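Topology and contacts: notes
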Amino acid sequence: MKEREGEREKERERERREEGQKTHLDRSIFQKKKRKKKQDEPNDVIYASMGTLVTISADEYRAFAKGLALLAPTRALWKLSDADLPGTMAVADLDLAENVRALAWVPQNDLLGDGRLAAFVTHGGINSIYEAAYHGVPVAGIPIFGDQPDNVAKAVSFFGVFFSVLPSEGPFPPPPP
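Our subject in this report is the structure included herewith. Computed from a prediction, not measured in an experiment: that's the story for all the values here. (Residues numbered from 1 in each chain as written. Predicted model: local features only at pLDDT ≥ 70, side-chain atom pairs only at ≥ 80, totals over all residues. Heavy atoms only, no water.)

**Comments concerning empty space enclosed by the protein**
What counts here: Detection works on a 1 Å grid of protein atoms alone, calling trapped sets that fit a 1.4 Å probe cavities and calling open sets with protein on both sides within 12 Å along at least five of seven lines pockets, with lining residues defined by an atom within 4 Å of a point. Grid points are joined across faces, edges and corners, and a volume is the space filled by probe spheres set on the points. For helices the rule is a DSSP run of H or I covering at least 4 residues; for strands it is a run of E covering at least 2, with both sets numbered from the N terminus onward. Throughout, the ten residues Ala, Val, Leu, Ile, Met, Phe, Trp, Tyr, Cys and Pro are labelled nonpolar, Asp, Glu, Lys and Arg are labelled charged, and all others, Gly among them, are labelled polar.
Taken as a whole and assessed by the stated rule, the structure comprises 1 cavity of 30 Å³ or more. In this model, the largest cavity occupies a volume close to 70 Å³. Taken together, R8, R12, S49, M50, G51, T52, V54, Y61, W78, K79, L80 and D84 form the lining of the largest cavity. Taken together, the elements giving at least two residues each to the lining of the largest cavity come down to α1 (2-19) and β2 (75-79). Each residue belonging to the lining of the largest cavity can be placed in one class, and the counts come to 5 nonpolar, 3 polar and 4 charged.

As structure tokens, then:
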């Protein structure tokens, strides 16, 4: 299983290089726009990543994109590439809103430690939980499978800066109270 995951990650990296997608953090997501800022307009950035192993349906990706668009004027940085999407779907098919930017790869720990990040939307993988807790970044956890529901539930009860958004239907029971 781990060999298969390693092969998948190598294939993704090769595809990233071939496609010429950005593989670095574009710091311009943090820069203020040239236009005049309104008094009530936030200057926050929300980071979203569902890890490298989570696979959800095309409709769920579209719903996720719409949810991030609703956060405008807050900007969203989404770790997402064509290789993450199901079938022949591409990031361009999501028709991302102006406030949402998708990058194929993000140095997650560096971004979480930047200090200008308002929140982190994650699948609840243990490394994401540890990194967010270390940097004190508020988290919205959307656990999908495996240890993720327990990781998010424990983080909610222990750290208090986390909250969980459970899908209405899923292959796992709700986390313990």
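**Some words on helix α4 (residues 126-135)**
Put simply, the rule is: Exposure is judged per residue with a 1.4 Å probe applied to protein chains only, and the accessible area is read against the type maximum: over 50% gives exposed, under 20% gives buried, and values in between give partly exposed. An arc is given here, and it is the one of the directions from the helix axis to the C-beta atoms.
Turning to α4, its buried residues are S128, I129 and A132. Seen from one end, α4 has its buried residues packed into an arc of 100°, which puts them on one side. Residues of α4 that are exposed and point more than 90 degrees away from the buried face comprise N127, Y130 and Y134.

**A look at the nonpolar core**
The condition is simple: Here, nonpolar core refers to any group of buried Ala, Val, Leu, Ile, Met, Phe, Trp, Tyr and Cys residues whose side-chain atoms link them within 4.5 Å. We call two residues contacting when some pair of their heavy atoms lies within 4.5 Å.
Y61, F64, W78 and L94 are the most contacted members of the largest nonpolar core, which has 22 residues in total. Of all the elements in the fold, those that place two or more residues in this core are β1 (45-49), α2 (58-69), β2 and β4 (117-122). With near-sequence residues (within four places) excluded, Y61 lies in contact with V54, I56, W78, L80, D84, L85, P86, M89 and L94. The next biggest cluster of nonpolar side chains, apart from the first, holds 12 residues, and it includes L77, L112, F120 and V139.

**Quick notes on α2**
Using the following cut-off: Helices are assigned an expected span. That span is 1.5 Å times one less than the residue count.
For α2, with 12 residues, the first-to-last C-alpha span of 17 Å sits near the 16 Å given by 1.5 Å per residue. When α2 is considered as a whole, its buried residues turn out to be Y61, F64, A65 and L68. The arc enclosing the buried residues of α2, seen along the axis, measures out at 100°, which places them on a common side. α2 presents D59 and K66 as exposed residues on the side facing more than 90 degrees away from its buried surface. Considering only its buried residues, α2 is in contact with β1, β2, β3 (100-103) and β4.

**Some points on the layout of surface pockets**
Roughly 530 Å³ of volume is contained in the second largest pocket. Together, 24 residues line the second largest pocket, and G51, T52, L53, H123 and S128 are the ones closest to its centre. Ranked by the residues each element gives to the lining of the second largest pocket, the list is headed by α1, at 5 residues. For the lining of the second largest pocket, the per-class residue count stands at 8 nonpolar, 9 polar and 7 charged.

**Describing the environment of A63**
Considering the arrangement of structural elements, one finds A63 in helix α2. Sequence separation of A63 and L94 is 31 residues, and the distance between their C-alpha atoms is 9.4 Å.

It is worth stressing that arrangement in space is one thing and function is another; only the former is reported here.
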